[in-house]
Amino acid sequence: MKKLLPIIGLALICLYYSCYKAPIPTKKYKTEKVIVIVMDGARYSETWGDVAKTYIPNLGTTIANSGCVNSNFYNNGPTYTSPGHLAMISGQYYNLNNAGNELPPFPTIFQYFNEAYPLKSSWIISSKDKLEVLTNTSDSTYNNLYLANTDCGNNGLGTGYRKDSITLYKALTIFQNSAPELTLINFREPDFTGHGNDWPGYLNEINKVDSLINEVFVFVNSNPNYKDKTTLFITNDHGRHDDRNGGFNNHGDSCIGCKQLMFFAIGPDFRKNTLLSSPNELIDIAPTVAELLEFDLPNSNGNVMTNLFEN
Ligand SMILES: [Zn+2]
Ligand SMILES: [Zn+2]
């Protein structure tokens, strides 16, 4: 019997390991999908900076109460459309050509996300065709690899801008059909009417984009693929000159009007009904997205916005 004991012991150890299953790694966060929405070129003074929230009734009430607002949020880099979007999705400021003629010199969260999760999908959906360049990079390691799907402008790069209502329709259709995990949406009309020096039109378009964003918000809260597992970031790529520095019809310098942005973040991992005033900036969005969706974002200069998270 004594001779059998080591054999029985060994058999028991083998049985234990054959039954043992490695634990399935648990996700750190409830967020499974992220949508970044840009209201192009709206000034802080007509959005969150307006105490009455006259032109953003949806963002200013229902949406703000559902998540976090930061009243100290800035674009500290070039205050133009393409560099602003690039900063928010890469975590780096770079003065990218603003006409769609240059690929970013480094990858964004889209390429890193697609590399990390080949079975998941990502989209850039934009009223401005020129933002299609953000899907790719001139970096030789990542050029033409891990590209996001795009639906930009009338029919891609070089085809011109389209109405924001069409962009909303396209976004909701894509959400219904393929439920992507990572999406950037650009609504362009506030910037466009601002450049036209059309003050009533500019205010009206901010108001319209507020209602388009609300449609995304309502969809996310009712669709089973998105409900309770989606984080939304809502911001601007840049503001516009404040009245002492040229006024609302243009932008592009470092006056406070151009730099200060509205910022809303809503998601299952974030605090509710919270007003933050510690400063954050556009390049902090990319590392926060990477943290939530759990992939590596090398070379970001931004910080994860830990002040958004519950606990
Ligand atoms: Zn502009
Ligand atoms: Zn300015």
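Okay, so let's go over this structure. (Residues numbered from 1 in each chain as written. Chains lettered and ligands numbered in written order. Predicted model: local features only at pLDDT ≥ 70, side-chain atom pairs only at ≥ 80, totals over all residues. Heavy atoms only, no water.)

Notes on the sheet that holds strand 3 (residues 73–74)
Move 1: Taken in spatial order, the three strands of this open sheet run 8-3-11, and their pairing is mixed. This sheet does not close on itself; its edge strands, each paired only once, are strand 8 (260–261) and strand 11 (280–281). (Pairing = 2+ DSSP bridges. Helix = DSSP H or I, 4+ residues; strand = E, 2+ residues; numbered from the N terminus.)

Some points on the sheet that holds strand 2 (residues 68–70)
Move 1: The eight strands lie next to each other as 5-4-6-1-7-9-2-10, forming an open sheet whose pairing is mixed. Bordering the open sheet on either side are strand 5 (149–152) and strand 10 (274–276), each of which pairs with just one other strand. Between one strand and the next, the sheet's axes are offset by a mean angle of 10°, whatever the strand orientation.
Move 2: Relative to strand 9 (residues 263–266), strand 2 runs antiparallel, the two sharing two bridges. (Axes fitted to C-alpha atoms, helices over the stretch in contact; angles between N-to-C directions.)

Structural notes on the nonpolar core
Move 1: The biggest cluster of nonpolar side chains holds 44 residues, and the ones touching the most others in it are Ile-109, Phe-233, Ile-285, Val-289 and Leu-308.
Move 2: Mapped by element, the contributors of at least two residues to this core are strand 1 (33–39), helix 3 (81–90), helix 4 (109–116), strand 6 (182–187), strand 9 and helix 9 (285–293).
Move 3: If you look at the next biggest cluster of nonpolar residues, it comprises 38 residues, including Ile-35, Met-39, Val-69 and Ile-185. (Core = buried A, V, L, I, M, F, W, Y, C linked by side-chain atoms within 4.5 Å. Buried < 20%, exposed > 50% of the residue type's maximum accessible area, 1.4 Å probe, protein only.)

Concerning the coordination of the zinc ion (ligand 1)
Move 1: Here the zinc ion (ligand 1) is held by Asp-191 (OD), Asp-191 (OD), His-195 (NE2) and His-251 (NE2), and the distances to it run 2.0 to 2.4 Å.
Move 2: The coordination sphere of the zinc ion (ligand 1) comprises four donor atoms, whose angles at the metal cover 55 to 147°; the geometry is irregular.
Move 3: The buried category is assigned to Asp-191, whose relative accessible area is 4%.
Move 4: Taking the relative accessible area as the measure of exposure, His-195 reaches 38% and is therefore partly exposed. (Donors = N, O, S within 2.8 Å, 3.2 Å for Na, K, Ca; no water. Tetrahedral: all angles 85-135°; square planar, octahedral: opposite > 155°, others 65-115°.)

Structural notes on the coordination of the zinc ion (ligand 2)
In a perfect tetrahedron of four donors around a metal, the angles come out at 109.5 degrees. In a perfect octahedron of six, they are 90 or 180 degrees.
Move 1: Every protein donor of the zinc ion (ligand 2) is listed here as His-241 (ND1), Asp-253 (OD), Cys-255 (SG) and Cys-258 (SG), and their distances to the metal cover 2.0 to 2.3 Å.
Move 2: Seen from the zinc ion (ligand 2), its four donor atoms lie at angles of 96 to 128°, and the figure they make is tetrahedral.
Move 3: Considered as a linear motif, the donors of the zinc ion (ligand 2) on their single chain read H-x11-D-x1-C-x2-C. Here His-241, found in the loop between strand 7 (230–235) and helix 8 (256–259), pairs with Asp-253, found in the loop between strand 7 and helix 8; they are twelve residues apart in sequence, far enough to count as distant.
Move 4: Look at His-241 and you get buried, because its relative accessible area is 11%.
Move 5: Among the residues examined, Asp-253 registers a relative accessible area of 33% and is labelled partly exposed.

Quick look at the pairing of strand 7
Move 1: Of all the six residues making up strand 7, six are buried; the element is thus mostly covered by neighbouring parts of the structure.
Move 2: Burial of strand 7 is two-sided: the residues Thr-230, Leu-232 and Ile-234 facing one way and the residues Thr-231, Phe-233 and Thr-235 facing the other way are all buried.
Move 3: Two elements, strand 1 and strand 7, share six bridges in a ladder whose sense is parallel. From the neighbouring strand, Ile-37 faces strand 7, where its bridge partner is Ile-234.

Topic: unusual backbone geometry
Move 1: Phi angles above zero are rare outside glycine, and Lys-53 is one such case at about 55°.
Move 2: Residue position: Lys-53 is located in the loop between strand 1 and helix 2 (57–66).
Move 3: Judged by relative accessible area, which is 15%, Lys-53 ranks as buried.
Move 4: One non-glycine residue with positive phi stands out, namely Asn-299, at about 70°.
Move 5: By secondary structure assignment, the location of Asn-299 is in the segment after helix 9.

As for the packing of aromatic side chains
Move 1: Following the criterion strictly, the structure yields 17 aromatic pairs and no others.
Move 2: Ring plane angle 55° and centroid distance 5.8 Å describe the contact between Tyr-142 and Tyr-146, whose orientation is recorded as tilted.
Move 3: A relative accessible area of 14% means that Tyr-142 is categorised as buried.
Move 4: Consider the rings of Phe-233 and Phe-270, whose centres lie 6.0 Å apart with planes at 70°: the pair is edge-to-face. Note that Phe-233 is positioned in strand 7 and Phe-270 in the loop between strand 9 and strand 10, a separation of 37 residues in sequence. Each member of the pair, Phe-233 as well as Phe-270, is classed as buried. (Phe/Tyr/Trp six-rings, centres within 6.5 Å; stacked < 30°, edge-to-face > 60°.)

Comments concerning helix 2
Move 1: All buried positions along helix 2 are accounted for by Asn-58, Leu-59, Gly-60, Ile-63 and Ala-64.
Move 2: On its buried face, helix 2 is in contact with strand 1, strand 2, helix 7 (199–220), strand 7 and strand 9. (Contact = heavy atoms within 4.5 Å.)

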